[in-house]
Amino acid sequence: MSAMERKIASVTARPVNVPLARPIRTAVGHLPTAPLVLLDIRASDNAAGSAYLFAYKTGMLKPLVATVEAVAAEIIGQAADPYSVGLRLELSFRLLGRQGLVALAMSGIDMALWDIAARAQDLPLVRLLGGLERPIQAYDSFGIIDVAADRLEIERSVQRGFRGIKIKIGGGAVEDDIVRVKAVREIIGSEIALMVDYNQSLDPAEAPRRIARLKEFDLRWVEEPVLAEDLAGHHQVRMATGMRIQTGENWTFPDQIEKAIRAAASDYAMPDVQKIGGVTGWMKAAALAEAARLPVSSHVFIEASAHLLAVTPTAHWLEWTDKAGPLLKQPLSVAPDGTVTAQGPGLGMAWDEKAAARFAV
């Protein structure tokens, strides 16, 4: 059966909850585990593809599974190519809108369909997209740290080769932020990039005052200081502080990166493959970022991001935060020089079914 004749036969979604080796504390919430939905699509010629979605909260697993199943019902029996499926789903959900869980479901289906296309040719996804596997510089991503308890872990990250460290701040007094940022800078030295993430916890009036207190620590970027949708607020913070601002993990589909570029909201872009529209949406967003000369970093989803950054002209950093590794037969790894290289075929993910059963919800 040719690729043109390949039809979608089934879509399955399984909820799992994976313990995190490093639970994540943010200014707006705590993530002790990684609630994931494992997505598998099988085609009429028995070709198969997989992806996963990150629900953030365990209580959202069942609604996300139900949403994936509802979205999938629109495409059973249709051609198994991402482009035509995307057009069909965009039309199907035009009245409801492509926000929230619908956006995640559509993105996950797109990723799995690209995985099918690449696996069917026994190629890593990056090659199907016209590129080659290449090392992408990664930074290690931490939550709000405890300076004493996390010191060894931060030192270990540097020893592993990471050339960048990100910590989350906010949620308390600015003096607490200063203590944490100062301590990390002392631990990692001046040659390692240091980023901070406020997780949307400030307002545009407060953000410049707090960020000004951090200038002495040579931050590579300040991430999401204000609400993600407040593009004018991000621009205001950029202009008031002169600090490099990072945002984008909450952009839904490529039209939102276009709006952010027009608003001059940030110095960098950080699309999230499960919100930006999967592989198809990422490639469109990457083209917009290239035209705007906007460096692109990834958010979560290390397996897919290693492929996508390798074909992104303005690729910047890969965020290392491993959510699905315990579920994979061959987890992605970090090289001694702190880089990550895509693996295949497809997205390079094969489920360890014993682990999936162990973590099933």
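Look up a bit, the structure's there.
Residues numbered from 1 in each chain as written. Predicted model: local features only at pLDDT ≥ 70, side-chain atom pairs only at ≥ 80, totals over all residues. Heavy atoms only, no water.

### Some points on the pairing of strand S2 (residues 29-43)
Most of S2 sits out of view: 11 of its 15 residues are buried. Sheet topology places strand S1 (residues 8-26) next to S2; 14 bridges connect them, and they run antiparallel. Considered in S2, the bridge of Thr12 is made with Asp40. In this antiparallel pair of consecutive strands, S1 and S2, the connection spans 2 residues. The pairing of S2 with strand S3 (residues 48-54) spans 7 bridges and is antiparallel. Its bridge partner lying in S3, Leu38 is registered against Tyr52. (Buried < 20%, exposed > 50% of the residue type's maximum accessible area, 1.4 Å probe, protein only. Helix = DSSP H or I, 4+ residues; strand = E, 2+ residues; numbered from the N terminus. Pairing = 2+ DSSP bridges.)

### Some details on the nonpolar core
Grouped together as the largest cluster of nonpolar side chains are 90 residues, with contacts concentrated most on Leu36, Ile109, Leu318, Trp320 and Leu327. Ranked by residue count, the leading element in this core is helix H3 (residues 100-120), at 12 residues. Judged by nonpolar contacts, the second largest core, of 27 residues, contains Val196, Ala207, Leu214 and Ile245. (Core = buried A, V, L, I, M, F, W, Y, C linked by side-chain atoms within 4.5 Å.)

### Looking at helix H2 (residues 82-92)
For H2, the full list of buried residues reads Pro82, Val85 and Leu89. The arc that holds the buried residues of H2, viewed along the axis, is 65°, so those residues lie on one side. Facing away from the buried side of H2 by over 90 degrees, the exposed positions are Tyr83 and Leu91. Residues of H2 that are buried make contact with S1, helix H1 (61-72), H3 and helix H10 (278-291). (Arc of directions from axis to C-beta. Contact = heavy atoms within 4.5 Å.)

### A word on the packing of aromatic side chains
Counted by the stated rule, this structure contains 5 aromatic pairs. The interplanar angle of 70° and the centroid separation of 6.0 Å between the aromatic rings of Tyr139 and Trp317 together place this pair among those described as edge-to-face. Taken together, the positions of Tyr139 in strand S4 (residues 136-141) and Trp317 in the loop between helix H11 (302-310) and strand S10 (318-320) put the pair 178 residues apart, joining distant regions of the chain. An identical accessibility class is assigned to Tyr139 and Trp317; each is buried. (Phe/Tyr/Trp six-rings, centres within 6.5 Å; stacked < 30°, edge-to-face > 60°.)

### Focus: the sheet that holds S1
In spatial order, the strands read S1-S2-S3; together these 3 strands make up an open sheet with antiparallel pairing. The sheet is open, and its two edges are formed by S1 and S3, each paired on a single side. Each adjacent strand pair in this sheet contributes to an overall mean axis angle of 20°, direction not counted. Packing against the sheet, H1 makes contact with S1, S2 and S3, and its axis sits at approximately 155° to S1. (Axes fitted to C-alpha atoms, helices over the stretch in contact; angles between N-to-C directions.)

### As for the environment of Glu290
The residue Glu290 is located in helix H10 in this model. Note: C-alpha distance between Glu290 and Arg94 (196 residues apart in sequence) is 28 Å. Residues contacting Glu290, with those up to four places away along its chain left out, are Pro313 and Thr314.

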